[in-house]
Amino acid sequence: MSRRSKILSGALVTSALLLTPIGLGGVAASSTPSGAVVHTGHTMALSTASSPEDPDGDGYIPANPPVTGVTPSTQNPPHRYFHEFQANCSVSHTRPDDPIVYPQQPGRSHDHTFLGNTTTNAGSTTATLSAGGTTCKAPGDLSGYWMPTLSNGDEPVLPVGPQVIYYKAGVTDYASVRPFPKGLRFVVGSPMQSADEFRHHPGFVEGWECGDSFFNTEFPASCPSRPDVQLNIRFQAPSCWDGRYLDTPDHKSHMAYPVVKPGTNDNICPADHPVALPMIEFKMAFPVNGDMSKVRLASGPGHSFHYDFFNAWDDRTLKALVDHCVVGGLQCDARGYDETHPEAGAALGTDYRLP
């Protein structure tokens, strides 16, 4: 396939005439001849470095095999209020690396706080992550999760204990959701986004919050100085995949958010990204309160928040959780157990491993 063909097939296409993006005023995107995706106010940086998984350095990592012949599901299965499970993962380390945006370039990134895989660094690949360890409760979750490090003045503020990373159905037909392909990676949001883009991003859920202050694009000026008050954020990832690439130059174009089917309230995947995958939702809590005037992210102000995901789950473990909890319409913990439906059992054993 020619480079131009890959650019055209990897670009994010907006089907504005047929489908309406969900979220609070989704940001339109268009492709440029260089393969960059331009959003209002900024251009996403492209990968230009080669790596073991992208030897020609063009930023495209093909899925092997690709998923073809899929059309977005318009089915409406029996209503279930929940279809999700949690990946509870703790912070492992911080490092100025980003193996997605700056592969094989240690120290080039702003500082990141890493959760999950304990070995994540600039040189990480699917193979190295799969051979690593994890801070997640489920030993089968060897994925890398990271976000810009938050500081109060010069002191890093790291989330304490297991954080909540939801795996949900982003489409109405929760039974159509399938596990992530091994090696899939993407960036959610952008360090270069404007405050308005952050507030109206389709992944925006509650913004920055603490105490009784919600939906903030920037850090609140102050938070109640109480032991039970922390700074929180929730932000959702795109969950529709093009079926062709594990990564693209802008680290976004192979993924898309669900859209609303015209004339309904149903969320479906767009035609150019027809494969429904789990929707990741970060729910992070940072132990900081009181005077917030010196709180910042390594990437800049509060509205620069973004995060990265690199899938290295054990295939069988992830499939068991997706099938039992997401496809099964349950609200599961990290074991794949729904306490409101004990009769359904759990996907994993008490040791969080496959039985």
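Residues numbered from 1 in each chain as written. Predicted model: local features only at pLDDT ≥ 70, side-chain atom pairs only at ≥ 80, totals over all residues. Heavy atoms only, no water.

Observations concerning unusual backbone geometry
Alright, step 1. Of note, the amide linkage connecting N64 to P65 takes the cis form, showing an omega dihedral of 5 degrees.
Alright, step 2. Position of P65 relative to the elements: it lies in the loop between strand 5 (61-62) and strand 6 (84-89).
Alright, step 3. Even without being glycine, F215 reaches a positive phi, approximately 55 degrees.
Alright, step 4. The exposure class of F215 is partly exposed, given its relative accessible area of 46%. (Helix = DSSP H or I, 4+ residues; strand = E, 2+ residues; numbered from the N terminus. Buried < 20%, exposed > 50% of the residue type's maximum accessible area, 1.4 Å probe, protein only.)

Regarding the pattern of salt bridges
Alright, step 1. Scanning the model with the defined rule gives eight salt bridges in all.
Alright, step 2. Where K168 meets E281, a salt bridge forms, and the shortest distance between an N and an O atom there is 3.0 Å. In this pair, K168 is assigned in strand 12 (residues 163-169) and E281 in strand 24 (residues 278-286), connecting sequence segments 113 residues apart.
Alright, step 3. Linking R226 and D228 is a salt bridge whose minimum nitrogen-to-oxygen distance equals 3.0 Å.
Alright, step 4. The exposure class assigned to R226 is partly exposed, which follows from its relative accessible area of 41%.
Alright, step 5. In this structure D228 comes out as exposed when scored by relative accessible area, which is 55%. (Salt bridge = Lys/Arg side-chain N within 4 Å of Asp/Glu carboxyl O.)

Let's talk about the sheet that holds strand 23 (residues 275-276)
Alright, step 1. Reading across from one edge, 20-18-23 is the order of the three strands in this open sheet, with antiparallel pairing throughout. Looking along the sheet, the strands with just one partner apiece sit at the ends: strand 20 (255-256) and strand 23.
Alright, step 2. Bridging between strand 18 (residues 240-241) and strand 20 involves two bridges; their strand directions are antiparallel. Bridging across to strand 20, C240 finds its partner in A256. (Pairing = 2+ DSSP bridges.)

Notes on the side chain of E206
Alright, step 1. Note that E206 resides in strand 14 (residues 204-210).
Alright, step 2. A polar atom in the side chain of E206 sits 3.4 Å from the side chain of R234.
Alright, step 3. With residues up to four places along the chain from it excluded, the contact list for E206 reads F214, F215, N216 and R234. (Polar contact = N/O pair within 3.5 Å; in protein donor to acceptor, adjacent residues only side chain to side chain. Contact = heavy atoms within 4.5 Å.)

Here's the deal with the sheet that holds strand 27 (residues 306-310)
Alright, step 1. With antiparallel pairing, five strands are arranged side by side in an open sheet as 7-8-9-27-13. The open sheet terminates on both sides in strands that have one partner only, identified here as strand 7 (91-95) and strand 13 (185-189). Averaged over neighbouring strand pairs, the angle between their axes works out to 20 degrees when direction is ignored.
Alright, step 2. In this sheet, strand 9 (residues 144-148) lies alongside strand 8 (residues 112-116) in antiparallel orientation, the contact comprising five bridges. The residue of strand 9 that forms the bridge with G116 is G144. (Axes fitted to C-alpha atoms, helices over the stretch in contact; angles between N-to-C directions.)

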